[in-house]
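Below are the chains, spelled out letter by letter.
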Amino acid sequence: MVGNRNFSRPSWQLPESCATPEEVFFNRRQFVKLLGGTGIGAGLSGFGGIDFAEASEDPSAGLYPVSRNEAYTIERDITPEELSTTYNNFFEFGSHKQISSAAQALKIRPWEIAIDGMVDKPFVIGIDDLLKKMPLEERLYRHRCVERWSMTVPWSGFSLAKLVELAKPSSGVKYVRFETFQDSSVAGGQKQFWYPWPYIEGLTIEEATNELAFMVTGVYGKPLPKQMGAPLRLAVPWKYGFKSIKSIVKITFTQERPVSFWEELAANEYGFWANINPDVHHPRWRQDLEQPLGTNERIDTQIFNGYAEQVAHLYEGLKTEPLYR
Ligand SMILES: Nc1nc2c(c(=O)[nH]1)N[C@H]1C(S)=C(S)[C@@H](COP(=O)(O)O)O[C@H]1N2
Ligand SMILES: [Mo]
């Protein structure tokens, strides 16, 4: 049930991303209960003991807010910050949603990103130097988890295409591979040996240079909080959320298709492409509905999460590939 390559993994060790929607809804109810009917945002300062003041100590704090690129707005309501920053998937800090407190152990300065593989000249760049080189903007994006909950998020960051330009890849490059930090002394989840750490994700070079592929460095007009993948994460909003890899330390240009963390664990459930499609279901649950976090709504899943206009052309010549898993 969890992928033939891991047949020896006991079934009780199902990853949390396989949580039933019922569990997701239950967690949301718990959260609403914690709010105690005083309304979203009220009385949250002490919630979970999370120190949200931390963001103001981030050396990049002065860069935000950045101006919104109006080409990327959506009709949906923005998900309340208090929800999206306390209900997270970041398995490095635990295989459940309440990792925001544990994630504060991550040290995000100094933070270096290695750019290597098939490039003009491999290099390492500090996050603050990278931030100086890149044109920052805000974009409102949908974010849809394979577990069926969704959010609308005001990401700040820069187009991945700009970073590809900076890297100067050689002409034969087919894929971009991303890698998350590895340090089990701060990320207790990485002591769970049955996961194939570090977290890896990948895109084709065409996907990586599509206008929608976005490197995120901030959210809600502030530096990105650690639980959301500070100081640098990916956002590919036409794909399921697991593609949007957090806390990136290495970006490799290659001819070989990367095997992602989830694909390594369960290739039949979480493939390389993971494009959102209401008609292609997860082997264990349907995908035609989604639930925006913090609401009781169930809304129709849209092909490519509503971004067909920007990305459908990427897949026209690839009819034999399992594009939706
Ligand atoms: N390194 C890393 N990146 C990750 C994950 C993770 O566990 N580790 N979870 C993914 C999943 S399943 C989702 S849905 C999104 C969640 O992002 P959010 O917590 O900011 O909403 O991050 C993705 N990126
Ligand atoms: Mo997810």
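Scroll up to find the structure.
Keep in mind the model is a prediction, meaning the values are calculated, not measured.

**Student:** Outline the packing of aromatic side chains, listing residues and values.
**Tutor:** In this description, a pair of aromatic rings is defined by centroid distance and the angle of the planes. Counted by the stated rule, this structure contains 24 aromatic pairs. Seen in terms of ring centroids, F90 and F181 are 6.5 Å apart; in terms of plane orientation they differ by 75°. Their pairing is edge-to-face. Residue F90 is located in the loop between α2 (81-84) and β1 (112-117), and its partner F181 is located in the loop between β5 (175-180) and β6 (200-204); the two are separated by 91 residues in the primary sequence. When the centroid spacing of 5.5 Å and the interplanar angle of 15° are considered together, the rings of F304 and Y315 count as stacked. Taken together, the residues F304 in the loop between β12 (299-300) and α7 (308-311) and Y315 in the segment after α7 connect sequence positions eleven residues apart. In this arrangement the basic side chain of R142 is found over the ring face of Y307, its NZ or CZ atom lying 5.6 Å from the centre. Sitting over the ring of F272, K243 keeps its end group 4.5 Å from the ring centre.

**Student:** Tell me about the site of ligand 1, and name the residues and values.
**Tutor:** As a matter of local geometry, ligand 1 sits amid 18 residues, with F91, E92, R233, S244 and K246 nearest to it. Contacts to ligand 1 include R233, whose side-chain N or O atom sits 2.6 Å from an oxygen atom. A distance of 2.9 Å is found between a nitrogen atom of ligand 1 and a backbone nitrogen or oxygen belonging to S244. Within the complex, 100% of the 530 Å² of free accessible area of ligand 1 lies under protein. Here ligand 1 occupies the largest cavity. Taken together, the residues of the shell around ligand 1 sort by class into nine nonpolar, six polar and three charged.

**Student:** Can you lay out unusual backbone geometry for me, pointing to particular residues and giving the numbers?
**Tutor:** Put simply, Y64 and P65 share a cis peptide bond, and its omega is -5°. With respect to the helices, strands and loops of the structure, P65 is situated in the loop between α1 (21-35) and α2. Here the residue pair R109 and P110 is connected by a cis peptide bond, since its omega of -10° sits within 30 degrees of zero. Summarising the element assignment, P110 is placed in the loop between α2 and β1. Of note in this structure, A274 is not a glycine but carries a positive phi near 55°.

**Student:** Can you explain the sheet that holds β1? Please cite residues and give values.
**Tutor:** Read across the open sheet, the five strands follow the order β2-β1-β10-β5-β6; overall the sheet is mixed. Pairing within the sheet leaves two strands with one partner each, and these edge strands are β2 (123-126) and β6. For this sheet, the mean inter-axis angle between neighbouring strands, taken without regard to orientation, is 20°. Taken together, the four bridges between β1 and β2 define a ladder with antiparallel strand orientation. The residue bridging E112 from the neighbouring strand is G126, located in β2. Lying over the sheet, helix α4 (residues 160-167) contacts β1, β2, β5, β6 and β10 (248-254), oriented at roughly 65° with respect to β10.

**Student:** Outline the side chain of S159, listing residues and values.
**Tutor:** You can see S159 is positioned in strand β4 (residues 149-159). Ignoring sequence-local partners within four residues, the contact set of S159 consists of R139, A213 and F214.

**Student:** Break down the nonpolar core for me, citing the residues and quoting the values.
**Tutor:** Residues W155, L160, F178, M215, W238, I251 and F253 are the most contacted members of the largest nonpolar core, which totals 85 residues. In terms of residue count, β4 provides more of this core than any other element does, five residues in total.

**Student:** Describe the pairing of strand β7 (residues 214-219), listing the residues and the values that go with them.
**Tutor:** Of all the six residues making up β7, six are buried; the element is thus mostly covered by neighbouring parts of the structure. Here β4 pairs with β7 via five bridges, running antiparallel. Residue S159 lies in a different strand from β7, and its bridge partner there is F214. Across three bridges, the pairing between β7 and strand β9 (residues 233-235) is antiparallel. The residue of β9 that forms the bridge with F214 is A235. Between β7 and the antiparallel strand that follows it, strand β8 (residues 222-223), lie two residues; Y220 among them carries a positive phi value of about 50°.

**Student:** Let's hear about the pairing of strand β11 (residues 289-292): which residues, and what values?
**Tutor:** Bridge analysis of β4 against β11 gives two bridges, and the strand direction is parallel. Its bridge partner lying in β11, S150 is registered against P292. Where β11 folds back on β12, the antiparallel hairpin that results is connected by six residues, among which G294 adopts a positive phi of roughly 85°.

Rules used in this analysis
Residues numbered from 1 in each chain as written. Chains lettered and ligands numbered in written order. Predicted model: local features only at pLDDT ≥ 70, side-chain atom pairs only at ≥ 80, totals over all residues. Heavy atoms only, no water. Phe/Tyr/Trp six-rings, centres within 6.5 Å; stacked < 30°, edge-to-face > 60°. Helix = DSSP H or I, 4+ residues; strand = E, 2+ residues; numbered from the N terminus. Lys NZ or Arg CZ within 6 Å of the ring centre and 35° of its normal. Near = heavy atom within 4 Å. Polar contact = N/O pair within 3.5 Å; in protein donor to acceptor, adjacent residues only side chain to side chain. Areas by Shrake-Rupley, 256 points an atom, 1.4 Å probe, with all protein chains shown as cover. 1 Å grid on protein atoms, 1.4 Å probe; cavity = no way out; pocket = protein on both sides within 12 Å on 5 of 7 lines; lining within 4 Å. Sits in = over half its atoms within 2 Å of the grid points. Nonpolar A, V, L, I, M, F, W, Y, C, P; charged D, E, K, R; others polar. Pairing = 2+ DSSP bridges. Axes fitted to C-alpha atoms, helices over the stretch in contact; angles between N-to-C directions. Contact = heavy atoms within 4.5 Å. Core = buried A, V, L, I, M, F, W, Y, C linked by side-chain atoms within 4.5 Å. Buried < 20%, exposed > 50% of the residue type's maximum accessible area, 1.4 Å probe, protein only.

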